[in-house]
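Next come the chains, spelled out residue by residue.
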Amino acid sequence: MVLTNGNEIFNNARKGKYAVGAFNINDLEWTRGILAAAQETNTPILVQTSMGAAKYMGGYELCLHLVQDTIKSMGITVPVVMHLDHGNYEAAKECIEVGYNSVMFDGHDLPFDENLEKTKEIVKLAHAKGMSVEAEVGSIGGTEDGITGLGELADVEEAKTLAATGVDYLAVGIGNIHGVYPDNWKGLSFDRLQELAAEISTPLVLHGGSGIPKEQIVKAISMGISKVNVNTELQLSFAKATREYIEAGKDQDIDAKGYDPRKLLAPGTKAITDTTKERIEWFGTPSIK
């Protein structure tokens, strides 16, 4: 299966009142674990790199080839979207040149007029090459690649203006945050989501999907959320499984070569697959017929 843009996938999700997961990759194990989950569930999936993760892995071009080559080596047959997550203006332009299928330009920290103009430019550049574009309105709480948001609610009029640029999906702030949710988190603002969904037909994106209770995610999807981002939960699942392997002393089993990184990382990779499959079920992503 060749990589594809997200237009048809997420438009169908909005119409069908389900969501498709967007899962961040951080290395080969993440890539294999996430793609395995998509193949085993026979569902479309979006894999994405943050600017920081792409730098860690060796750059956007390497990340693109890693995903393309892993799809080929694993015999993946489901649709896969390769996406830039929370990219600034320069990163979005670079990923368009490199050949990603989809990019997010995150200009929420800019004055709105500047966010709007740069979004228009990214839409023009990406659409000329058949790529999807995601924009953001309303700050997402927490910190992502050095950009900190307080979790404000998206302004409906600003959201309508950004949607009118022709973006293919729109990330909206509805009280969601990146990272681990604090005990005093107030939950998603379904009132604001209802206002946004009533005015905007563009597929809406829920960032900070890790840690939101299942019932809130399911409700948000029923109201117009079509793409849910997941990163932290995969990191926590990977860390937990790896810790259990080491605490059981399996890495010190010399006869079984438990120190071999292929064995050391295997439980974490399986945990990524299991968590991804669970989230696919939460999102109601239908199997491909």
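This one's a predicted model, so the numbers in the text were calculated from it and none came from an experiment.

**Student:** Hey, could you run me through the environment of A220 in this one?
**Tutor:** Within the secondary structure, A220 is located in helix α9 (residues 214-222). Exposure remark for A220: the relative accessible area of 0% places this residue in the buried category. Residues A220 and L204, 16 residues apart in the sequence, show an inter-C-alpha distance of 9.8 Å.

**Student:** Explain helix α2 (residues 28-41) to me, please; I cannot follow it from the model alone.
**Tutor:** The α-helix winds at 3.6 residues per turn, so residues separated by three or four positions along the chain end up facing the same way. Over its 14 residues, α2 runs 20 Å from end to end, which matches the ideal 20 Å to within 8%, given 1.5 Å per residue. Every buried residue of α2 is accounted for by W30, T31, G33, I34, L35, A36, A37, A38 and T41. Check the buried side of α2 and you find it contacts β1 (20-24), β2 (45-50), α4 (60-74), β3 (80-87), α10 (232-247) and α12 (266-283). Backbone nitrogen of E29 and a side-chain oxygen of the N-cap are separated by 3.0 Å at the start of α2; the cap is D27. Phi turns positive one or two residues past the end of α2, at N42, with a value near 55 degrees.

**Student:** Could you clarify how one ought to interpret the pairing of strand β8 (residues 169-172) in this entry?
**Tutor:** The side chains of a regular strand alternate, first on one face of the sheet and then on the other. Side chains of β8 alternate between two faces, with Y169 and A171 and L170 and V172 buried alike. Pairing geometry for β8 and strand β9 (residues 204-206), over two bridges, is parallel. Within β9, the residue paired with A171 across the bridge is V205.

**Student:** Just checking my understanding: could you explain the sheet that holds strand β5 (residues 132-137) for this structure?
**Tutor:** Where strands meet in a sheet, backbone hydrogen bonds hold them as pairs that are either parallel or antiparallel. The sheet built from eight strands closes into a barrel, its strands ordered β1-β2-β3-β4-β5-β8-β9-β10 with parallel pairing. Averaged over neighbouring strand pairs, the angle between their axes works out to 25 degrees when direction is ignored. Pairing analysis gives three bridges linking β1 to β2, with the strands arranged parallel. In the sheet register, A22 faces β2, and the bridge partner there is L46. Across the sheet, helix α1 (residues 7-16) is in contact with β1, β2, β3, β5, β8, β9 and β10 (225-230); its angle to β10 comes to roughly 115 degrees. Strand contacts of α4: β2 and β3, with the helix running at about 155 degrees to β3, the strand carrying the most contacts.

**Student:** What is the right way to read the packing of aromatic side chains from this model?
**Tutor:** Two aromatic rings, taken as a pair, are described by how far apart their centres are and by the angle between their planes. For the structure shown, the criterion picks out four aromatic pairs. Consider the rings of Y60 and Y100, whose centres lie 6.1 Å apart with planes at 80 degrees: the pair is edge-to-face. Residue Y60 is located in helix α4, and its partner Y100 is located in the loop between α5 (89-98) and β4 (102-105); the two are separated by 40 residues in the primary sequence. A ring pair is formed by Y89 and F105, whose centres lie 6.2 Å apart and whose planes are at 75 degrees; its orientation type is edge-to-face. Of this pair, Y89 sits in helix α5 while F105 sits in strand β4, and the two are 16 residues apart along the sequence. Judged by relative accessible area, F105 falls into the buried class, the value being 2%. Positioned above the aromatic ring of Y89 is the side chain of K118, whose terminal nitrogen or guanidinium carbon lies 5.1 Å from the ring centre. Positioned above the aromatic ring of W282 is the side chain of R279, whose terminal nitrogen or guanidinium carbon lies 3.8 Å from the ring centre.

**Student:** It is not clear to me how the pairing of β4 should be interpreted in this structure. Could you clarify?
**Tutor:** What you see with β4 is no split at all: S102 and M104 on one side and V103 and F105 on the other are buried throughout. Sheet topology places β3 next to β4; three bridges connect them, and they run parallel. Within β4, the position partnered with G87 by the bridge is F105. Once the chain exits β3 it traverses α5 before rejoining the sheet at β4, and the crossover so formed is right-handed. Both β4 and β5 contribute to a ladder of four bridges, which runs parallel.

**Student:** Sorry, what's going on with the confidence of the model for the protein chain here?
**Tutor:** Should pLDDT be low for a region, the predicted coordinates there are not to be read in detail. Overall, the predicted model of the protein chain reaches an average pLDDT of 92, with 94% of residues at or above 70. Confidence drops under a pLDDT of 50 for residues 142-150, and excluding neighbours within four residues, the segment shows 23 contacts in the predicted structure.

**Student:** Quick question: what am I supposed to make of the packing of α2 against α4 here?
**Tutor:** Helix packing geometry: the angle between the two helix axes and the distance between the axes. At a closest axis distance of 10 Å, the pairing of α2 and α4 adopts a crossing angle of 50 degrees. If you check the angle between α2 and α4, you find them oblique. Considering the relative orientation of α2 and α4, their crossing is right-handed. Only L66, V67, T70, I71, S73 and M74 of α4 make contact with α2, whose side of the interface consists of L28, T31, R32, L35 and A36. For the contact of α2 with α4, the class distribution of residues is seven nonpolar, three polar and one charged.

Conventions used here
- Residues numbered from 1 in each chain as written.
- Predicted model: local features only at pLDDT ≥ 70, side-chain atom pairs only at ≥ 80, totals over all residues.
- Heavy atoms only, no water.
- Helix = DSSP H or I, 4+ residues; strand = E, 2+ residues; numbered from the N terminus.
- Buried < 20%, exposed > 50% of the residue type's maximum accessible area, 1.4 Å probe, protein only.
- Expected span 1.5 Å × (residues − 1).
- Contact = heavy atoms within 4.5 Å.
- Polar contact = N/O pair within 3.5 Å; in protein donor to acceptor, adjacent residues only side chain to side chain.
- Pairing = 2+ DSSP bridges.
- Axes fitted to C-alpha atoms, helices over the stretch in contact; angles between N-to-C directions.
- Phe/Tyr/Trp six-rings, centres within 6.5 Å; stacked < 30°, edge-to-face > 60°.
- Lys NZ or Arg CZ within 6 Å of the ring centre and 35° of its normal.
- Right-handed = clockwise from strand over helix to strand, strands pointing away.
- pLDDT = per-residue confidence, 0-100.
- Parallel < 35°, antiparallel > 145°, perpendicular 65-115°, else oblique.
- Left-handed = near helix turned anticlockwise from the far one by under 90°.
- Nonpolar A, V, L, I, M, F, W, Y, C, P; charged D, E, K, R; others polar.

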